[in-house]
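So the chains spell out like this:
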2 protein chains.
Amino acid sequence: MDTNFRVTRRGFLAGLGLASATAAVGATSACADDSDPAPVPNTDSTGATPDATVAFDGPHQAGVATPLQRHNTTVAFTLRDGVDVAGIRRLLRIWTGDARRLTQGEPVLADLEPELASDPGRLTVTCGFGRGLFEKAGMTDKAPDWLAPLPEFTGDRLEARWGDRDLVLQICGEDRTTVSHALRVLVRGGADYARPSWSQTGFLDIPRGADGTPGTPRNLFGFKDGTVNPRSDVEFDDQVWIGEDAASHPSQTGGTCMVIRRIVFDMPLWESADRPTRETSMGRTIVEGNPLSGEKEHDEPDTSAVGVDGLPVIDRNAHIALAGVHDGDTRQRMLRRAYNYDLPVTPSSADALLDAEPVALSDTGLIFTCFQPDPRTSFIPVQRRLAAGDRLNEWITHVGSAVFLIPAGTAEGEYWGEALLG
Amino acid sequence: MDTNFRVTRRGFLAGLGLASATAAVGATSACADDSDPAPVPNTDSTGATPDATVAFDGPHQAGVATPLQRHNTTVAFTLRDGVDVAGIRRLLRIWTGDARRLTQGEPVLADLEPELASDPGRLTVTCGFGRGLFEKAGMTDKAPDWLAPLPEFTGDRLEARWGDRDLVLQICGEDRTTVSHALRVLVRGGADYARPSWSQTGFLDIPRGADGTPGTPRNLFGFKDGTVNPRSDVEFDDQVWIGEDAASHPSQTGGTCMVIRRIVFDMPLWESADRPTRETSMGRTIVEGNPLSGEKEHDEPDTSAVGVDGLPVIDRNAHIALAGVHDGDTRQRMLRRAYNYDLPVTPSSADALLDAEPVALSDTGLIFTCFQPDPRTSFIPVQRRLAAGDRLNEWITHVGSAVFLIPAGTAEGEYWGEALLG
């Protein structure tokens, strides 16, 4: 019995007759032995199993078009004093090599816990650069024009502790232990050059259809989150990846802009709202997730539909009425890749607990991450509308905001951003 | 495609040809339509899939002998001022009814997010009583003699914020979202009677053998954790459940004693230790988990074995040399059900972050939970030995300690502890 425990989960699935499903993943999505991590949105019919390996090298970094994994830890770093472009290059060479190994189930050279790396469980590591990196590298000419703190929106209560930093690593995977291990390995590997400044950890539970198709996961308000997302290669090229036209420097091509917003949910207040209020505020039903103007989750919302009472079927200030494309400007589309968080509140002393009445049970919300070629034509105008009018604002508060350039993917042996910094 | 998303994960597994594996679970373990939640330890060959429903009613509460789920949130409660035995009974009636429904995939009567409850994902809810509950009920004669704060052990740095409370709910499941939802429903349902005082959230990744057999998960030191555990019904009766002989009142029979210790891991220091140091300190190999005196994980450690150098093969102060049965006193056995935790450290301001060097990346460790008939003959003598000599003490610190009586299981319609408090 003992030796069986060393069989990987892939072996387990194969043993249960899922080998064909696993093989299908290899053929159609971003998996081992597929050097081109083709964009496979999480709502696509890939039949993806949770346990494939995701290819590291390719035209785009993994962890963006990769179908959603269950866990996400995103860590922002500050470069240490005195680290210049040569140091940045060394850091990125170390990190890229480590991430390339970890995601393929190979321990890094100095890994003291290789057992925690042997089964990557769809681990991806995605690296991003903040403006500070370009400044410290003396290369602001290569930074995208949009790479700067986002404007403050109405209602924002931003905390600097979740703000812009020099670098970011988004680590996603099916296994929480593997994600924790990868994070520690990467932090240790880069310790001479950068130190972690914040980390945000989230989770999702991905529903599966009868054919294994991943469905849209729910957030902690109970709504499906991420229904409207690009699916085809063409849509990804259009809505996610930086094309030649959007690049302010050619070396940005193939990358993407990552915006990460920390959004607190007021759960007690939400729990006092009835279902019609909730569905009206969202503009969608809770069970199916269809727009109130339609019947199925992926039906296009019809914001002009009017009910028998003469009122709009989708309230003008419903979340989806404001979050969608306005004025026919399709540049407002983007890839949403949000994760739930639900942290226990742990006051520093028992006295603090006894004083507080009622005790806050948890710190709950959403780590909203989106990807697009340029936030000035997508996230910013959309968020401006939402901040001004979204009915959901009664229950949500944005407390964190950061923006990063995710450089293009790597060829074998290349390091992240080599085209930009090399 | 849309309607497929409403198919449960069980449907998904069945669609992939796993129906027979799922059915096997129903026949052999604590699953739906099996009114007797037979003790099925997590190392048993049940072929359990992660998505079965765990029966609620039975001679023992679920969540103890239940094969490990991936997520665990354990919440301790303080009874509100003035809540007497009648109020306690009402609280337990509400909670038992809600837990019975939630674990079977039925929303509670006032659930506003039933979609988060529809697929329980092996959800279990286990309820425990602290001494405070018996005091406030005016029934200390029914409290076990051992139901009191554990003695402080050498090296303990206990914080009251993780200490003894009136009540506890251990909520375990495969899906983090479902666990979060169940927690909120239960807290809300009991809000008039009790308020949450602490919560501890942990995770595990359960390896599976080629035949689906669950293996022993690893903690964040990289070691398999929980190798030595009861497996058969006889062992559970002996090592876990309170028998008539161990009960100080007949109504305790069928229950168990839950000890929950919060143990901080010093990860940076651990990462500076080499593998021989680690394996010597544990007394087991890391890869396989075999005792240094044996070859397989489940081989009985031979603490008398001597190497060619004349030294003991298992160091006298290795963790397993002290954690096992001593002096032939088999009462020192217990069920270990530990979960990893890895919380981001989030200082209250950016300034605090910038001041701290190096920044603590995470608050990492183990939520060690064990079950036994009487801690005075099991956890306490074992922990006394470990506290005095365990080599692992260099890297671990106990900061939380609480003990609860888990009452026996319920018959249909009964509430938790009805035999004790009725």
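Chain A has the name Dyp-type peroxidase family in an unreviewed UniProt entry, where Corynebacterium variabile is given as its organism. The UniProt entry for chain A carries the following comment under Cofactor (unreviewed entry): "heme b". Per UniProt, chain A has the following entry under Sequence similarities (unreviewed entry): "Belongs to the DyP-type peroxidase family."

K.L.:
Help me understand the overall build of chain A, please; the structure alone is not making it clear to me.
P.N.:
In terms of regular secondary structure, chain A is built from 11 helices and 9 strands. Burial status across chain A gives 62% buried among its 422 residues. Partitioning the contacts of chain A with sequence separation of at least 6, the portion at a separation of at least 24 is 77%. A total of about 15,000 Å² of accessible surface is found on chain A, and carbon and sulfur atoms cover 50% of it.

K.L.:
Before we go on, may I ask you to explain empty space enclosed by the protein in this structure?
P.N.:
Think of a ball as big as a water molecule: rolled over the atoms, this probe shows where empty space is left. Taken as a whole, this structure holds 17 cavities of 30 Å³ or more when the rule is applied. The computed volume of the second largest cavity comes to approximately 230 Å³. Considering the residues around the second largest cavity, the lining is formed by 19 residues, among which Arg 176 and Thr 201 of chain A together with Arg 176, Thr 201 and Phe 203 of chain B are closest to the centre. Among the secondary structure elements, those contributing two or more residues to the lining of the second largest cavity are strand S4 (194-203) and strand S7 (339-344) of chain A together with strand S4 (194-203) and strand S7 (339-344) of chain B. With 5 residues, S7 of chain B is the largest single contributor of residues to the lining of the second largest cavity.

K.L.:
Would you take a moment to explain the pattern of salt bridges for this structure?
P.N.:
Between side chains of opposite charge, a pair can form as their charged atoms come close. In total, this model carries 26 salt bridges over all chains according to the counting rule given. Asp 342 of chain A serves as the salt-bridge partner of Arg 176 of chain B, at 3.8 Å between the closest nitrogen and oxygen. Here Arg 176 of chain B is found in helix H4 (residues 176-189), whereas its partner Asp 342 of chain A is found in strand S7 on a different chain. Across this residue pair, the class does not change: Arg 176 of chain B and Asp 342 of chain A are buried. Its salt-bridge partner being Glu 174 of chain B, residue Arg 122 of chain B comes within 2.7 Å of it at the nearest N-O pair.

K.L.:
What am I meant to see in helix H10 (residues 379-389) of chain B here?
P.N.:
Residue pairs spaced three or four apart in an α-helix point in one direction, given the helix's 3.6 residues per turn. Every buried residue belonging to H10 of chain B is among Phe 379, Ile 380, Val 382, Gln 383, Arg 385, Leu 386 and Ala 387 of chain B, and all of these are buried. Structurally, H10 of chain B contributes buried residues whose contacts are with strand S5 (256-265), helix H8 (319-323), strand S8 (362-372) and strand S9 (396-406) of chain B.

K.L.:
What should I look at first to understand helix H7 (residues 275-282) of chain B in this one?
P.N.:
Residues and elements named next belong to chain B. Listed in full, the buried residues belonging to H7 are Arg 278, Glu 279, Ser 281 and Met 282. One face of H7 carries all of its buried residues, which in axial projection span an arc of 160 degrees. Of the surrounding elements, those touching the buried residues of H7 are helix H6 (267-270) and H8. Looking at the residues trailing H7, positive phi occurs at Gly 283, about 85 degrees.

K.L.:
Could you clarify how one ought to interpret the side chain of Thr 227 of chain A in this entry?
P.N.:
Residue and element names in this part refer to chain A. On the secondary structure map, Thr 227 appears in the loop between S4 and helix H5 (233-239). For Thr 227, a relative accessible area of 7% corresponds to the buried category. A distance of 2.6 Å separates a polar atom in the side chain of Thr 227 from a polar atom in the side chain of Glu 297. Those residues within four positions of Thr 227 in sequence are excluded, and the remaining contacts are Thr 216, Arg 284, Glu 297 and His 298.

K.L.:
Just to check I follow, could you spell out the environment of Thr 397 of chain B for this structure?
P.N.:
Residue and element names in this part refer to chain B. Positionally, Thr 397 belongs in strand S9. Using a relative accessible area of 24% as the deciding quantity, one classes Thr 397 as partly exposed. For the pair Thr 397 and Val 264, spaced 133 residues apart in the sequence, the C-alpha separation amounts to 5.2 Å. The contact partners of Thr 397, leaving out residues within four places of it in the chain, are Gly 155, Arg 157, Arg 262, Ile 263 and Val 264.

K.L.:
Is there a simple way to explain the state of the cysteines in this structure?
P.N.:
When the sulfur atoms of two cysteines share a covalent bond, that bond is a disulfide. Tallied over the full model, the rule gives 0 disulfides over all chains. Between Cys 257 of chain B, a free cysteine, and Cys 370 of chain B, which holds the nearest cysteine sulfur, the sulfur-to-sulfur gap is 7.0 Å.

K.L.:
In this structure, what is going on with unusual backbone geometry? I would like to understand it.
P.N.:
Peptide bonds are trans in most cases, and residues, glycine excluded, mostly fall at negative phi. Residues other than glycine seldom take positive phi values, yet Arg 122 of chain A does so here, at roughly 60 degrees. The topology assignment puts Arg 122 of chain A in the loop between helix H2 (85-103) and strand S2 (124-129). Here Asp 327 of chain B, not a glycine, exhibits a phi torsion of approximately 55 degrees, which is positive.

K.L.:
In this structure, what is going on with the pairing of strand S3 (residues 167-173) of chain A? I would like to understand it.
P.N.:
Consecutive residues of a regular strand have side chains that alternate between opposite faces of the sheet. Residue and element names in this part refer to chain A. With 7 of 7 residues buried, S3 lies mostly within the body of the structure. Of the two faces of S3, the one carrying Leu 167, Leu 169, Ile 171 and Gly 173 and the one carrying Val 168, Gln 170 and Cys 172 are both buried. Inspection of the sheet shows strand S1 (residues 71-79) paired to S3 by 7 bridges, in the antiparallel sense. Opposite Val 75, over in S3, you have Leu 169 as the bridge partner. In the sheet, S2 pairs with S3 via 6 bridges, with the strands oriented antiparallel. Each bridged residue has a counterpart across the sheet, and for Cys 127 the counterpart in S3 is Leu 169.

K.L.:
Explain the packing of aromatic side chains here, please?
P.N.:
The geometry of an aromatic ring pair is captured by two quantities: the separation of the ring centres and the angle between the planes. All names here are of chain A. One pass over the structure, following the stated rule, counts 20 aromatic pairs over all chains. With a centroid separation of 6.1 Å and an interplanar angle of 70 degrees, the aromatic rings of Phe 129 and Phe 134 are classed as edge-to-face. Three or more aromatic residues joined by ring pairs make a cluster, and in this case those are Phe 221, Phe 223, Phe 265, Trp 270 and Trp 395. The residue whose ring lies beneath Arg 262 is Tyr 341, and the NZ or CZ to ring-centre distance is 4.0 Å.

K.L.:
Any chance you could explain the environment of Arg 278 of chain B here in plain terms?
P.N.:
Among the structural elements, Arg 278 of chain B can be located in helix H7. Classification of Arg 278 of chain B by relative accessible area gives buried; the value is 0%. Separated by 113 residues in sequence, Arg 278 of chain B and Arg 391 of chain B have C-alpha atoms that sit 9.2 Å apart. Beyond its immediate stretch of four places on either side in the chain, Arg 278 of chain B contacts Leu 112 and Glu 113 of chain A together with Phe 221, Phe 223, Trp 270, Glu 271, Ala 273 and Ile 286 of chain B.

Cut-offs and rules
- Residues numbered from 1 in each chain as written.
- Chains lettered and ligands numbered in written order.
- Predicted model: local features only at pLDDT ≥ 70, side-chain atom pairs only at ≥ 80, totals over all residues.
- Heavy atoms only, no water.
- UniProt positions renumbered as here; feature names shortened; annotations may be inferred.
- Helix = DSSP H or I, 4+ residues; strand = E, 2+ residues; numbered from the N terminus.
- Buried < 20%, exposed > 50% of the residue type's maximum accessible area, 1.4 Å probe, protein only.
- Contact = heavy atoms within 4.5 Å.
- Areas by Shrake-Rupley, 256 points an atom, 1.4 Å probe, with all protein chains shown as cover.
- 1 Å grid on protein atoms, 1.4 Å probe; cavity = no way out; pocket = protein on both sides within 12 Å on 5 of 7 lines; lining within 4 Å.
- Points joined across faces, edges and corners; volume = space filled by probe spheres on them.
- Salt bridge = Lys/Arg side-chain N within 4 Å of Asp/Glu carboxyl O.
- Arc of directions from axis to C-beta.
- Polar contact = N/O pair within 3.5 Å; in protein donor to acceptor, adjacent residues only side chain to side chain.
- Disulfide = S-S within 2.5 Å.
- Pairing = 2+ DSSP bridges.
- Phe/Tyr/Trp six-rings, centres within 6.5 Å; stacked < 30°, edge-to-face > 60°.
- Lys NZ or Arg CZ within 6 Å of the ring centre and 35° of its normal.

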